[in-house]
Amino acid sequence: MARSALTITAATFTATAALLLTACGGGGDDSAPDDIKGAETGASSPSASASASAPSDQPDLSLPADLKVDFDVSEPSEERHTAALGNAQNYILALNHGITAQDPEDPAYQFYALGNAAKYAKKQIQAWVDDEWTATGTDSYYKARTDDVSDSGGVLVTMCRDQSKFFGKNVKTNKVKYTEGSLNDYQEFRLLMKPPQRAQKIWKVLQIEVQGRVKDCRR
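(A) Structural view of the overall build of the protein. Summing up its helical and strand segments, the protein has five helices and six strands in all. Counting from the amino terminus, helix and strand elements in the protein follow one another as α-α-β-α-α-α-β-β-β-β-β. Classification of the 219 residues of the protein by burial places 55% in the buried group. When contacts within the protein are restricted to residue pairs at least 6 apart in sequence, long-range pairs at least 24 apart make up 76% of them. Surface accessibility of the protein: about 9700 Å² in total, with carbon and sulfur atoms responsible for 48%.

Quick look at the structure:
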């Protein structure tokens, strides 16, 4: 059940990412400019890499029994990339936790996000709440890739998404809105991860961008 998709070229996003990380690199302030508007997501329980990167005070990321998120990804060889990938996954889980909890102020996404990524999560959750929808089914992520962003210390996490079995469910009637599978179900997520700094003890998502109708992600 796709809500929205933003088209931005990989080169443009990566260039903007490098500038943002350079600007944010020296300080302990968790705020960030809202330069790029994001796209959309879905989620259930963390993968091994996600769990490994989670601190002991990790917020509740549990989801209802009828919603599952499948991360079919390989753990990167580099430890910092593993941590970045893990919390990119946790951000997706947190977004879905907020949707199913029907809480635009849910602390879960706020724990894993900064700046644009936090604003995006709140906006998406609010849209689901306003439309009286929650999520059900299976949301799948795969073909994960991690890349260093310039010399800023940041990592760009890229993943394919298949939401052909991910549906909306009316919170009042419990009626599920089933949709026919199409190219619209296949997307590419790009999440700009900011490394831990001072009070920020974990990798957090600074920017999010989603490319819709990605043929290379079709399975």
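On we go from here.
(B) Just the packing of helix α3 (residues 79-101) against helix α5 (residues 115-130), in detail. Packing of α3 against α5 leaves a shortest axis separation of 9 Å and a crossing angle of 30°. Comparing their axes, α5 and α3 come out roughly parallel. Both α3 and α5 take part in a crossing whose hand is right-handed. In contact with Y91, L95, G98 and I99 of α3, α5 contributes A117, Y120, A121, Q124, I125 and W128.

(C) How the structure looks around the packing of aromatic side chains. Counted according to the given criterion, the structure contains five aromatic pairs. With a centroid separation of 4.9 Å and 80° between ring planes, the pair formed by F111 and Y112 is classed as edge-to-face. We note that F111, like Y112, is buried. Following the ring pairs from residue to residue traces out a cluster consisting of F71, Y141 and F189. R219 extends its terminal NZ or CZ atom over the ring of Y142, reaching a point 3.9 Å from the ring centre.

(D) Seen up close, the pairing of strand β6 (residues 204-211). Most of β6 sits out of view: eight of its eight residues are buried. Here seven bridges tie strand β5 (residues 186-194) to β6, and the two strands are oriented antiparallel to one another. Bridging across to β6, L191 finds its partner in I208.

(E) Focus on the nonpolar core. Counting 41 residues, the largest nonpolar core has Y91, V157, M159, L191 and M193 as the members making the most contacts within it. Going through the elements one at a time, β1 (67-72), α3, α4 (107-112), α5, β2 (133-149), β3 (154-170), β5 and β6 are the ones with two or more residues in this core. Per-element accounting of this core gives the leading share, ten residues, to α3. If we skip the residues at most four places from it in the chain, Y91 touches Y112, A113, A117, Y120, A121, L191, V205 and I208.

(F) Expanded view of α5. The first and last C-alpha atoms of α5 sit 23 Å apart over 16 residues, in line with the 22 Å expected at 1.5 Å per residue. Of the positions making up α5, those classed as buried are G115, N116, A117, A118, Y120, A121, Q124, I125 and W128. Buried residues in α5 make contact with α3, α4, β2, β3 and β6. Downstream of α5 by one or two residues, E132 has phi in the positive range, about 65°.

(G) Looking closely at the environment of K165. Looking at the element boundaries, K165 is found in strand β3. Here K165 falls in the exposed class, since its relative accessible area comes to 57%. A C-alpha to C-alpha distance of 9.4 Å links K165 and E180, two positions 15 residues apart in sequence.

(H) Representation of unusual backbone geometry. Positive phi, close to 55°, is recorded for K143, a residue that is not glycine. Note on placement: K143 falls in strand β2. Of note in the backbone geometry, S150 takes a positive phi value of approximately 50° without being a glycine. Positionally, S150 belongs in the loop between β2 and β3.

What counts, and where the lines are drawn
- Residues numbered from 1 in each chain as written.
- Predicted model: local features only at pLDDT ≥ 70, side-chain atom pairs only at ≥ 80, totals over all residues.
- Heavy atoms only, no water.
- Helix = DSSP H or I, 4+ residues; strand = E, 2+ residues; numbered from the N terminus.
- Buried < 20%, exposed > 50% of the residue type's maximum accessible area, 1.4 Å probe, protein only.
- Contact = heavy atoms within 4.5 Å.
- Areas by Shrake-Rupley, 256 points an atom, 1.4 Å probe, with all protein chains shown as cover.
- Axes fitted to C-alpha atoms, helices over the stretch in contact; angles between N-to-C directions.
- Parallel < 35°, antiparallel > 145°, perpendicular 65-115°, else oblique.
- Left-handed = near helix turned anticlockwise from the far one by under 90°.
- Phe/Tyr/Trp six-rings, centres within 6.5 Å; stacked < 30°, edge-to-face > 60°.
- Lys NZ or Arg CZ within 6 Å of the ring centre and 35° of its normal.
- Pairing = 2+ DSSP bridges.
- Core = buried A, V, L, I, M, F, W, Y, C linked by side-chain atoms within 4.5 Å.
- Expected span 1.5 Å × (residues − 1).

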